[in-house]
Amino acid sequence: MRRALFITLVSCLITIHQTRLINRCDLAKLLHQEEMDGFEGYSLSDWLCLAFVESRFNISKVNENVDGSFDYGIFQINSHYWCNDHQSHSENICHLECQELLNPNLLSTIHCARKIVSATGGMKNWVGWKMHCSGRPLSYWITGCHLG
């Protein structure tokens, strides 16, 4: 019984260690500094909502899809189109390794996200944004964040 409890505890600690979360307001500040507010018509609140619905602000999230592709990072950017994960065919439109999308400085992620929203469909390329953010009041996402 103790052994099973110990293994469970260690598994939880490993999972917690692998998760890298960013604070909502810290993300808002970074996106503001990188001039994402208003980029292609999307507000900081759109970006924050996107990050929340896709990853719950988890920079290190990786998700496997049914087609064998993977989604990476805070915006869950897909390996089939946007980055190279060396596991499946990729168009690699962002010209980067998918692992770069897990970097805590987020600059590669932001650069790639700019390409995605500049493409046909904009943020509608993310199903989560379409279902949970599009057409909704989102200003509360930046409430309390001091961007200056």
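Every value quoted in this text rests on a predicted model; they were computed, and no experiment measured them.

Participant: Sorry, what's going on with the overall build of the protein here?
Facilitator: Regarding its fold elements, the protein presents five helices and three strands. For the protein, buried positions account for 41% of its 148 residues. Partitioning the intrachain contacts of the protein with sequence separation of at least 6 by distance along the chain shows that 52% fall at a separation of at least 24.

Participant: Help me understand helix 2 (residues 24–33), please; the structure alone is not making it clear to me.
Facilitator: Every α-helix winds through 3.6 residues per turn, so residues three or four apart in the chain are directed the same way. Within the span of helix 2, buried status applies to Cys25, Leu27, Ala28, Leu30 and Leu31. The inward-facing, buried residues of helix 2 abut helix 3 (44–55) and helix 4 (107–118). Capping the start of helix 2 is the job of one residue whose side-chain oxygen sits 2.7 Å from the backbone nitrogen of Cys25: Asn23. Directly after helix 2, the chain includes Glu35, whose backbone phi takes a positive value near 60 degrees.

Participant: Before we go on, may I ask you to explain the environment of His89 in this structure?
Facilitator: Inspection of the secondary structure puts His89 in the loop between strand 3 (77–78) and helix 4. For the pair formed by His89 and Gly68, sequence separation is 21 residues and the distance between their alpha carbons is 9.8 Å.

Participant: What's the story with the confidence of the model for the protein in this structure? I'm lost.
Facilitator: Close inspection of predicted coordinates is inappropriate for parts of the model with low pLDDT. Of all residues in the protein, 89% attain a pLDDT of 70 or more, and the chain-wide mean is 90. A low-confidence stretch, residues 2–17 stays under pLDDT 50, and its non-local contacts, those more than four residues away or across chains, total zero contacts.

Participant: Can you walk me through the sheet that holds strand 2 (residues 70–72) in this structure?
Facilitator: Within a sheet, each strand pairs with its neighbour through backbone hydrogen bonds, oriented either parallel or antiparallel. Pairing is antiparallel across the open sheet formed by three strands, whose spatial order is 1-2-3. Either end of the sheet is taken by a strand with one partner, and the two such strands are strand 1 (62–64) and strand 3. As paired elements, strand 2 and strand 3 share two bridges and run antiparallel to each other. Within strand 3, the residue paired with Tyr72 across the bridge is Ile77.

What counts, and where the lines are drawn
Note on numbering: residues in each chain are counted from 1, in written sequence order. Local features in this predicted model are restricted to residues of pLDDT 70 or higher, and side-chain atom pairs are both shown and tallied only at a pLDDT of 80 or more, whereas totals for entire chains, interfaces and linings draw on every residue. As a rule here, side-chain values cover all heavy atoms of the structure and leave hydrogens and water aside. Counting from the N terminus, the helices are the DSSP runs of H or I reaching at least four residues and the strands are the DSSP runs of E reaching at least two. Residue exposure (1.4 Å probe, protein chains only): buried if accessible area is under 20% of the type maximum, exposed if over 50%, otherwise partly exposed. Contact between two residues is taken to exist if any of their heavy atoms lie within 4.5 Å; hydrogens are not considered. Residues adjacent in sequence count toward polar contacts only when both atoms are side-chain atoms; beyond that, a polar contact is any pair of N or O atoms within 3.5 Å, and within protein one must be able to donate a hydrogen and the other to accept it. Predictor confidence is given residue by residue as pLDDT, running from a minimum of 0 to a maximum of 100. Strand pairing is assigned whenever DSSP detects at least two bridges linking the two strands.

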